[in-house]
Every structure is written in C-alpha cells, then in structure tokens.
Amino acid sequence: MGFKCGIVGLPNVGKSTLFNALTETAAAQAANYPFCTIEPNIGNVAVPDDRLDKLAAIANSKKIIATQLAFVDIAGLVRGASKGEGLGNQFLGNIREVDAIVHVLRCFENDDIQHVENRVDPVADAETVETELLLADLESLEKRVPAFAKKAAQGDKEAKIAASVLGQALDLLRDGKPARLVEPRDDEEARVLRNAQLLTSKPVLYVCNVDEGSAANGNALSEKVFAKAAAEGAQAVVVSAAIESELVTMDMADRMEFLSEMGLSETGLARVIRAGYALLRLITFFTVGPQEARAWTVHQGATAPEAAGEIHSDFQKGFIRAETIAYDDYVALGGEARAREAGKLRAEGKGYVVQDGDVMHFLHS
C-alpha cells in the first residue's frame, strides 16, 4: 500500500530541493523564485528496511521488493490561496488527493535565498499555510452543513450523521482549530469525515529544513517547530535538504562515511519515512520465499484478510488462514522450516490482527 505525502510550504523553503533529494531525481525544478513548481511532481520511493534484507538472505531470495511510498511536490502557497491568490486553487486541489501533508519549513538563515515575506520564521510560515487550509475548509462546510441539517430534519439518516460530524468540524474551524481534532464516535462518522476530504483533517509532518551544521541536532528555529508539533500532537523531523542533495550523488560507502562525518546515523529520507509511518499508523509485514522477499504496508489494526487483500483482492475474498511467523523468531531460528519445527509458525484466522514484522503466507480458496 505505502502512502502518498504531499510536500507543501511557502515558496523557497526547500520543497523541490528536498523532493529531488528524496526521490533521487531532478524531476522537480529547484529555482530561487516563487512558483517554479507548477504541476505536482510525483516520485515513488522504496522504503528502506534492514529487516527485508535479512529475511532475503536467510531465504536465499532471488529478488528483493521493498514497499513504496509516493512523494508529491506541490506548488508553493502564498497568503490568500483560499481566495485563489497565486496558485491557490490548484494548490488546494492537489492537497485533497494526498494522505498526509509533509510541511517543509525554512529553519536556516541565508541572505542569498529570498523569502516570500522577507523574514525567517518557520512557525509563522506554518500558520500561514494552516490558515489558508482552514479558510478553505470553513467556506466548504458553511455551505454543506446547513444542507445536511435540512435533509436530516426530513429524516435522512445519512444526512443526520453528516450534519453531526461535519458540524463538529465546522465548530472547530470557527474556533481556528483543524478538523483533524474531531473524534468520530464510530466507523460511520469516520467514513463521512474521511469522504469530506477536508484539508485540515490531513495528518501533518513538519520537516525542519536546516543548514548543514544543524543537521544532527537542529537549531533554535527547529526547536520552535518541535514545540508547535508537540502541542498539536503532530510529528516533526530535522532534515538538511542540502546534505540530502549531496548524498544522492554518492555511492553507498561514501554516503555512510559522509553521514558519519556530519554526525548522522541515517539519511533524512529514513527519518521522514519513520515519522510518516508513525503519523499514519502504518506497519510492515513480509512475504518471503526463494523467488522473492517482499515488504507490504497496512494500517495498524489491519486483519489477516485485509493484509492478504494488499497482495491480491482474490486472496482476501477467498481467505482461509494465514501462516504467520514473527520476524524475530524467523531470524533467530534461521527461516521457516526451523520456525515450524520449533512451533513458532502459527495458523491465524480471519480475526487475527497483523503485527509489525510478521512473515506471512496466505491460504485461500
């Protein structure tokens, strides 16, 4: 499954530079002027996972297939986007199509790179974007909620649910708070809220784009962003887009040496992915055999049939059972055969909730 993250922010904060580095492409033009990104660029990235390599080595798999995630580089937003300023309408439309928002914030000083509002204040930048998303949602719900309320009064059950949950969202927006703070009471309310495609209901990951010297520990500007994220229950990471740009030109050995010199143990991509997984509550399960070792992604709480459906819809429809081995058991015992002998291979039914790292085979009709 993976997930689709829209990279957003004000112009010239490093969005396209980060996108190019993360996807190891030059698909997005990085230039020192607003709106250099007009059409959203999409890059699919393999999710790095050391566990997959270990499983493949044990099973002597001929092929290794990592799960994928998509980054979407979305055009820069300016104040007034909710009213169509700049590329506002296009920006807002592109955000509706992603699962999460990766909000890049400028946390570095550089007189050679202009800021659209002639200041370096990442928290103010975040609030500018959030305000435009909030105003767009507010305008949308102020039209929709009264219509649902009218239908609800006429006995429409679906409209009654929509009027209730979207009414809660409207109240939050009027108080200047995002719709993601709504707590649906049941699956029906969650479905209605999800289908409403509210911009402020998207989970947010703040990416603090710092100078190279601050890549390991951040700086005073990034500390302000982390405080904001903590107050919101959001996620934040520190990344130096400049360092990531250098890394993509190196082979693996040189990358590791360079990272060590910079006081880093991993790339910015790895940090962004881990934070994104936590944000969207995603986990990984594996299928392993002599032909291939493959990683798959599902949401926390997914059942065995739902995991089977990630491989093929027919597997979910005809699900019989899942043969499951915990990752640690698979590695410790040296593979499936010994795990089976040791009684660590379990037969799980339709109600089994998949755990992160499960190695699974599905039996289906």
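Structural data are supplied above this passage.
Residues numbered from 1 in each chain as written. Predicted model: local features only at pLDDT ≥ 70, side-chain atom pairs only at ≥ 80, totals over all residues. Heavy atoms only, no water.

Draft legend 1. Representation of the side chain of D137. Tracing the sequence through the fold places D137 in helix α4 (residues 122-153). As a buried residue without a salt bridge, D137 has its nearest oppositely charged side chain in R96, at a separation of 4.3 Å. Here the side chain of D137 touches T200 through a polar contact of 2.7 Å, landing on its backbone nitrogen. (Helix = DSSP H or I, 4+ residues; strand = E, 2+ residues; numbered from the N terminus. Buried < 20%, exposed > 50% of the residue type's maximum accessible area, 1.4 Å probe, protein only. Lys, Arg positive; Asp, Glu negative; His and termini not counted. Salt bridge = Lys/Arg side-chain N within 4 Å of Asp/Glu carboxyl O. Polar contact = N/O pair within 3.5 Å; in protein donor to acceptor, adjacent residues only side chain to side chain.)

Draft legend 2. Here's a closer look at the environment of G218. Residue position: G218 is located in the loop between β6 (204-209) and α7 (220-232). Between the C-alpha atoms of G218 and C208, which are 10 residues apart in sequence, the distance is 8.1 Å.

Draft legend 3. Highlighting empty space enclosed by the protein. One pass over the full model with this rule turns up 1 cavity of 30 Å³ or more. In this model, the largest cavity occupies a volume close to 30 Å³. Taken together, V47, D49, L52, A66, T67, Y277, T284 and A295 make up the full set of residues lining the largest cavity. Of the residues assigned to the lining of the largest cavity, the class counts are 5 nonpolar, 2 polar and 1 charged. (1 Å grid on protein atoms, 1.4 Å probe; cavity = no way out; pocket = protein on both sides within 12 Å on 5 of 7 lines; lining within 4 Å. Points joined across faces, edges and corners; volume = space filled by probe spheres on them. Nonpolar A, V, L, I, M, F, W, Y, C, P; charged D, E, K, R; others polar.)

Draft legend 4. Structural context of unusual backbone geometry. If you check the backbone angles, N60 has positive phi at about 55° while not being a glycine. When you line up the elements, N60 lands in the loop between α2 (50-59) and β3 (63-65). Its identity as a non-glycine residue notwithstanding, Q197 has a phi of 50°, on the positive side. One can find Q197 in the loop between α6 (187-195) and β6. A relative accessible area of 40% places Q197 in the partly exposed class.

Draft legend 5. Representation of the sheet that holds β6 within the structure. Strands sit in the order β2-β4-β1-β5-β6-β7 across an open sheet of 6 strands; the sheet is mixed. Strands with a single pairing partner mark the edges of an open sheet, and in this sheet they are β2 (41-46) and β7 (235-239). Ignoring strand direction, the axes of neighbouring strands in this sheet form an average angle of 25°. With 4 bridges joining them, strand β1 (residues 4-8) and strand β4 (residues 68-73) adopt parallel strand pairing. Residue G6 lies in a different strand from β4, and its bridge partner there is V72. On top of the sheet, α4 reaches β5 (100-106) and β6; it is set at about 145° to β5, its chief contact. Its contacts with the sheet put α7 on β5, β6 and β7, and the angle it makes with β6 is roughly 170°. (Pairing = 2+ DSSP bridges. Axes fitted to C-alpha atoms, helices over the stretch in contact; angles between N-to-C directions. Contact = heavy atoms within 4.5 Å.)

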